[in-house]
Amino acid sequence: MKEQLMKVMIRNQLVDMIYEAKSGEITKRRVKVLNVTDQTFSAYCFTKQARRSFRIDHVLSLLPVIRRERESIS
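Heads up: these notes are all about the structure in this document. All values reported here derive from a predicted model rather than from experimental measurement.

Moving on, we come to the overall build of the protein. Scanning the protein from N- to C-terminus turns up 1 helix and 5 strands. If you list the helices and strands of the protein from N to C, you get α-β-β-β-β-β. Projecting the C-alpha coordinates of the protein onto the three principal axes gives extents of approximately 55 × 25 × 20 Å. Counting every position in the protein, which comprises 74 residues, the buried fraction comes to 28%. In the protein, the proportion of contacts linking residues at least 24 apart, taken out of those at least 6 apart, comes to 41%. With 15 positive and 8 negative side-chain charges, the protein shows a separation of 5 Å between the mean positions of the two kinds.

Here we take up the sheet that holds strand 3 (residues 40-45). In space, the 5 strands of this open sheet follow the order 4-3-2-1-5, with antiparallel pairing throughout. Every other strand in the sheet has two partners, leaving strand 4 (50-55) and strand 5 (59-64) as the edge strands with one partner each. Averaged over all pairs of adjacent strands, the angle between their axes in this sheet comes to 45°, without regard to strand direction. Summarising the sheet, strand 2 (residues 26-36) and strand 3 pair through 5 bridges and their orientation is antiparallel. Note that in strand 3 the partner of V31 across the bridge is C45. Helix-sheet contacts for helix 1 (residues 2-10) involve strand 1 (14-20), strand 2, strand 3 and strand 5, and the interaxial angle to strand 2 is about 65°.

Further remarks concern the pairing of strand 3. The side chains of a regular strand alternate between both faces of the sheet. In textbook terms, the turn of a hairpin is the stretch between consecutive antiparallel strands, and for strand 2 and strand 3 this stretch comprises 3 residues. Here strand 3 runs beside strand 4; their pairing, made up of 6 bridges, is antiparallel. Bridge pairing in strand 4 places F41 opposite F54. Between strand 3 and strand 4, which pair antiparallel one after the other, the connecting turn spans 4 residues, and Q49 there sits at a positive phi close to 55°.

Okay, the layout of surface pockets next. Estimated volume of the largest pocket: approximately 160 Å³. Per-element tally for the lining of the largest pocket: the top contributor is strand 4, with 4 residues.

Excluding glycine, residues mostly have negative phi values, and the peptide bonds linking residues are mostly trans. Even without a glycine there, the phi angle at N12 is positive, about 60°. You will see that Q49, though not glycine, has its phi angle at about 55°, which is positive.

Cut-offs applied
Per-chain numbering applies: the sequence of each chain, read as written, is numbered from 1 onward. Given that the model is predicted, a residue must reach a pLDDT of at least 70 before its local features are reported, and side-chain atom pairs must reach 80 or more before they are shown or counted; all residues, however, enter totals for whole chains, interfaces and linings. The basis for every side-chain value is the complete set of non-hydrogen atoms in the structure, without hydrogens or water. Labels follow the DSSP assignment, with helices taken as runs of H or I lasting at least four residues and strands as runs of E lasting at least two, numbered in each case from the N terminus. When accessible area is computed with a 1.4 Å probe and restricted to protein chains, residues below 20% of their type maximum are described as buried, those above 50% as exposed, and intermediate ones as partly exposed. Any two residues having at least one pair of non-hydrogen atoms within 4.5 Å are treated as being in contact. Counted as positive: Lys and Arg. Counted as negative: Asp and Glu, with His and the chain ends omitted from the count. Throughout, a charge is located at the NZ atom of Lys, the CZ atom of Arg, the CG atom of Asp or the CD atom of Glu. Pairing between two strands requires that DSSP report at least two bridges joining them. Note on geometry: axes are lines fitted to C-alpha atoms, helical ones only across the stretch in contact, with angles between N-to-C directions running from 0 to 180 degrees. In the cavity and pocket records, a cavity denotes points on a 1 Å grid over the protein atoms alone where a 1.4 Å probe fits but cannot get out, a pocket denotes an open set with protein on both sides within 12 Å along at least 5 of 7 lines, and lining residues are residues with an atom within 4 Å of a point. Grid points are joined across faces, edges and corners, and a volume is the space filled by probe spheres set on the points.

Here it is as structure tokens:
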């Protein structure tokens, strides 16, 4: 998972993340990864509209957000 986080940080990608909190609550968040360390990472969380710290071992899945350009008809 750490390698995936490093890739999305380097690519400056947004990701949808499924995360398990300490309390056991599972949430879906859209984040932009800012920094990755051995056990944690910091990210801007668009769900909470704030910078947050997360434990890497609590991340259940990551899915890159794909932005499609609109086609123009000429």
